[in-house]
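# Summary of the model geometry
Now for the letters of each chain:
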Amino acid sequence: DVFTARNGMKVFRNPDAFPRAWSVHQATQMTPEKVIDSVNHGTVDLRTVTAVSDTIPMLESCPGQDHVGLVHEGIQSVDVHVTMGCRGLLMVSDSWYPGWVATVDGSDRKILKVNGAIRGIVVDKGDHRVHMAYRPMSVFIGLAGTSVGTALVAYLWWRKEPDGIALMEV
């Protein structure tokens, strides 16, 4: 219990809460349902092992420490500075959803759905800047449709009427 308001509302601190972003070097293949069951029964520590339902990424185990630091968090983007001791998986505790794209040092990377619900991205050894942004294709399709429609309306509005033909009588 960190704070109690006069109306009885309480604020709690959970020292065991997951960080905003962290790294792991082990992966196992599991369905989302099995992940939930494993967490409930304490058979998997998701701080050190990640669960994927697709192909297990190639990761390395190493004695070196990783350093994960959140650089910037926007409404539709996250930037993380990470120093990896060896190839591992950067975990970001945001929901996985189609439309998220990622780059590592400017190069496109695939975002994996890990632990049944969140985003993960494979990062090689060394210092890296990871950028994740929400760029759903539906937005670009809608923008293209709106642009074409606006251009068509503008053309019809401003075009010259042919001589001797009235398009609209007043």
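Below you will find a few notes about this structure.

Scanning the chain for helices and strands turns up 2 helices and 13 strands. Its C-alpha atoms give the chain principal-axis dimensions of about 85 × 50 × 30 Å. Looking at the 170 residues of the chain, the share that counts as buried comes to 29%. When the accessible surface of the chain is split by element, carbon and sulfur atoms take 57% of a total near 11,800 Å². Charge separation in the chain, taken as the distance between the mean sites of 16 positive and 18 negative side-chain charges, equals 4 Å.

Moving on: the pattern of salt bridges. In this structure the tally under the stated criterion is 6 salt bridges. Between Asp1 and Lys10 there is a salt bridge, and its shortest N-O distance comes to 3.7 Å. Glu73 is paired through a salt bridge with Arg20; the nearest N and O atoms lie 2.4 Å apart. Of this pair, Glu73 sits in strand 6 (residues 67-73) while Arg20 sits in the loop between strand 2 (10-11) and strand 3 (21-24), and the two are 53 residues apart along the sequence. It is possible to trace a salt-bridge network through shared partners that takes in Arg20, Glu73, Asp94 and Arg119.

Counting residues in hydrophobic clusters, the biggest one holds 15 residues, and the most contacted among them are Leu90, Val92, Ile121, Val123, Val130 and Met132. Among the elements that line this core, the one with the most residues is strand 7 (residues 77-84), at 4 residues. Residue contacts for Leu90: discarding those within four places in its chain leaves Ala21, Trp22, Val68, Val80, Arg119, Gly120, Ile121, Val123 and Val130. Counting residues in hydrophobic clusters, the runner-up holds 10 residues, among them Val52, Leu89, Ile118 and Val122.

Another aspect to go through is the pairing of strand 9 (residues 100-104). Along strand 9, 4 of the 5 residues are buried, which leaves the element largely enclosed by surrounding structure. The pairing of strand 9 with strand 13 (residues 126-134) spans 5 bridges and is classified as antiparallel. Bridged to Thr103 within strand 13 is His131. Sheet analysis places strand 9 next to strand 10 (residues 107-109), joined by 3 bridges and oriented antiparallel. Residue pairing for strand 10: Ala102 is matched across the bridge by Arg109. Between strand 9 and strand 10, which follow one another and run antiparallel, lie 2 residues, and Asp105 among them has a positive phi close to 55 degrees.

Moving on: the state of the cysteines. Tallied over the entire structure, the rule returns 1 disulfide. Between the sulfur atoms of Cys62 and its disulfide mate Cys86 the distance is 2.2 Å. On the sign convention where negative is left-handed, the bridge of Cys62 and Cys86, at about -85 degrees about the S-S bond, is left-handed. Taken together, the residues span a long stretch of sequence, with Cys62 in the loop between strand 5 (49-52) and strand 6 and Cys86 in the loop between strand 7 and strand 8 (88-95) at a distance of 24 residues. The exposure class assigned to Cys62 is partly exposed, which follows from its relative accessible area of 25%. Note on Cys86: relative accessible area 4%, which makes it buried.

Before going further, it helps to spend a moment on the side chain of Ser23. Examined against the element boundaries, Ser23 turns out to sit in strand 3. Non-local contacts of Ser23, meaning those with residues more than four positions away in its chain, are made with Arg47, Asp66, Val68, Met84 and Leu89.

Reading across the sheet, the 5 strands line up as 6-7-13-9-10 and stay open at both edges, with antiparallel pairing between neighbours. In this open sheet, the two edge strands, each paired with only one partner strand, are strand 6 and strand 10. Pairs of neighbouring strands in the sheet enclose a mean axial angle of 25 degrees, with direction left out of account. In terms of strand pairing, strand 7 meets strand 13 through 8 bridges, oriented antiparallel. When the sheet's bridge partners are listed, Ser77 is paired in strand 13 with Ala133.

The rules behind the values
Residues numbered from 1 in each chain as written. Predicted model: local features only at pLDDT ≥ 70, side-chain atom pairs only at ≥ 80, totals over all residues. Heavy atoms only, no water. Helix = DSSP H or I, 4+ residues; strand = E, 2+ residues; numbered from the N terminus. Buried < 20%, exposed > 50% of the residue type's maximum accessible area, 1.4 Å probe, protein only. Areas by Shrake-Rupley, 256 points an atom, 1.4 Å probe, with all protein chains shown as cover. Lys, Arg positive; Asp, Glu negative; His and termini not counted. Charge placed at Lys NZ, Arg CZ, Asp CG, Glu CD. Salt bridge = Lys/Arg side-chain N within 4 Å of Asp/Glu carboxyl O. Core = buried A, V, L, I, M, F, W, Y, C linked by side-chain atoms within 4.5 Å. Contact = heavy atoms within 4.5 Å. Pairing = 2+ DSSP bridges. Disulfide = S-S within 2.5 Å. Axes fitted to C-alpha atoms, helices over the stretch in contact; angles between N-to-C directions.

By themselves, these observations are geometric and do not establish any function.
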